[in-house]
Structures are given as C-alpha cells and as structure tokens.
Amino acid sequence: MHSKDQIFAAPIAQLGDFCFDEQVAEVFPDMIERSIPGYSNIVAAIGMMAARYAKPHTRLFDLGCSIGAATQSMRRHVSAEGCTITAVDLSAAMIKRARQHLAAYKGLPVELVEGDICDTPIENASVVVLNFTLQFVDPERRLALLKRIHDGLQPGGLLVLSEKFRFEDGNINELLIDLHLDFKRANGYSELEISQKRTALENVMRTDSIAIHKARLAEAGFAHVDLWFQCFNFGSLVAIKQP
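On a predicted model such as this, the values are computed, not experimentally measured, just so you know.

A. Local environment of the sheet that holds strand 4 (residues 125-131). The seven strands lie next to each other as 3-2-1-4-5-7-6, forming an open sheet whose pairing is mixed. Only two strands of the sheet have a single neighbouring strand rather than two, namely strand 3 (110-114) and strand 6 (224-231). Adjacent strand axes in the sheet meet at a mean angle of 15 degrees, parallel and antiparallel pairs treated alike. Bridging between strand 1 (residues 59-63) and strand 2 (residues 84-89) involves five bridges; their strand directions are parallel.

This is how it looks when you write it as structure tokens:
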C-alpha cells in the first residue's frame, strides 16, 4: 500500500518551487496515479515497445526515472540477450526509492545513476525513455539533449517522450486543463491542494505544444515522429531514428 499524497492538503504560508525531495518520493506512486491520466497505460506500453526495439547487447535508458516504474516495465518485457538499463535521476530521494523498488523484482541488470540527464552519456542505445521528464528541463537545453539521444541511439532506435502539453488554440487548451482538474477532483484532491500544487509547479514545469515537440524531434534528427497516446493534456510521442 502506497502512502497517500497529502503534501498540499493544508495551507502553506510560503510556497516554494516544487522539488522531488524525500517527501514527494514517499508519496510519488499515489501522486502520479491521481494526477496523470493514462499514466499506467503509458508505462505498460513502454515495456511493450522496449521489447520490440531492444537489440541484443545494447543499452536502454530511463532518463528522469523517478522511482523506476518505466525501468521495471522494460525489465518485465525485454528478453533480448545482453541488454542493460541505465536509469538516471537528479533526485537522491528518487534514486533511493528506485533502488528499493527495483530490488523487489528480477529482470535486466539496472545501473541507477544520481545525476543530471543533460550530462548523461548516451551510447550504444536501442531504447531511450523520457517519461514526463523533458518538461522539467530548461527549455534552452532541450534540443541539445534530444540531439545527444538521437546520436547515441543505434540505427532504428526508439525514443519514447511523454509530456504534459499546452495547446495553441486557447479554447481547446482551457477545455483540456479543466478536464484534467476534474480528473484530479474525482481522485480526491481538494481545491486547496490543486491550487497550491499548481503554484509550486509554475516555475519548474514549462510545457510545450505537440507541434513544438514534433518539430524539435525532427530537428534533433529523428526520421519518424508521431503522437501515440493522449488523454486530456497529457500524452506520449514516439521518435524513431533512421534505420
């Protein structure tokens, strides 16, 4: 049983920026389940796609791995000989939780790295996952990161990029934001919790439109790019390197 997310349940006099500290790591599974529509579907599909694209004796990367859900999904599905997973997160608390979580299961060897994904060497990769991670990277560093991922992938390699989106059409953007807020209310979050968390995230999570993501991935060198999943203003794209 996971701990319940009550981080923003009481009024906070001085709200700082949201950070992935021990308090967040403790309740992260509950927070994600109640906050991101379709998250479990995306994680399950990441494992299925990894099984299809993983090549023998290559590396799989989970960049911004949090507590290791996508890593474990890949471990569960990938059977290609000699594969390893490198799971990276800047948060020491998340890496600690990931180590505990992954130790309970068997599967591919996993190297857990506490570090900045923008400084992580990407080499001999067949699959790379950015599962709701790029939105927390400085916008000025996003293209360079995607180019390094592209260059580090084997020909025909796969990138899965999941993000919260904003929409150019103001009416559509407002509708999907409202539907997401309804989703959170239906999962038991109060108006106070929703408001305080939104304020805490304002300076650290900067979202892009689907069109911007597609254009950036193309500029990074990916030959095939498209959206494969969307629920409200959350979704996931696939990008494939030219075989």
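B. Quick peek at the side chain of D5. Within the element layout of this structure, D5 appears in the segment before helix 1 (22-35). A distance of 2.5 Å separates the side chain of D5 from the side chain of Y189, its partner in a polar contact.

C. Geometry of the packing of aromatic side chains. Within the structure shown, the criterion is met by eight aromatic pairs. Look at F20 and F136: their rings are 5.2 Å apart centre to centre, the planes differ by 90 degrees, and that puts the pair in the edge-to-face class. Of this pair, F20 sits in the segment before helix 1 while F136 sits in the loop between strand 4 and helix 5 (139-152), placing them 116 residues apart in sequence. On the basis of relative accessibility, which here comes to 29%, the residue F20 falls in the partly exposed class. Their ring planes at 50 degrees and their centres at 5.6 Å tell us that W228 and F229 sit as a pair that is tilted. A relative accessible area of 18% places F229 in the buried class.

What counts and what doesn't
- Residue indices follow the written sequence of each chain, beginning from 1 at its first position.
- Note on the predicted model: pLDDT of at least 70 is required for a residue's local features to be given, and 80 or more for side-chain atom pairs to be given and counted; whole-chain, interface and lining totals, by contrast, use all residues.
- Each side-chain value is derived from all of the structure's non-hydrogen atoms; neither hydrogens nor water enter the calculation.
- Any two strands are treated as partners once DSSP identifies two or more bridges connecting them.
- Only DSSP runs of H or I with at least four residues qualify as helices, and only runs of E with at least two residues qualify as strands; both kinds are numbered from the N terminus onward.
- Axes here mean lines fitted to C-alpha atoms, for a helix over just the part in contact, with angles spanning 0 to 180 degrees between N-to-C directions.
- N or O atoms within 3.5 Å of each other form a polar contact, as long as, within protein, one can give a hydrogen and the other can take it, and as long as residues adjacent in sequence are counted only when both atoms are side-chain atoms.
- Pairing of aromatic rings covers Phe, Tyr and Trp, the last counted by its six-membered ring, and requires centre-to-centre distances within 6.5 Å; plane angles under 30 degrees mean stacked, over 60 mean edge-to-face, and any other angle means tilted.
- Exposure classes here rest on a 1.4 Å probe applied to the protein chains alone. A residue is buried below 20% of its type maximum, exposed above 50%, and partly exposed in between.

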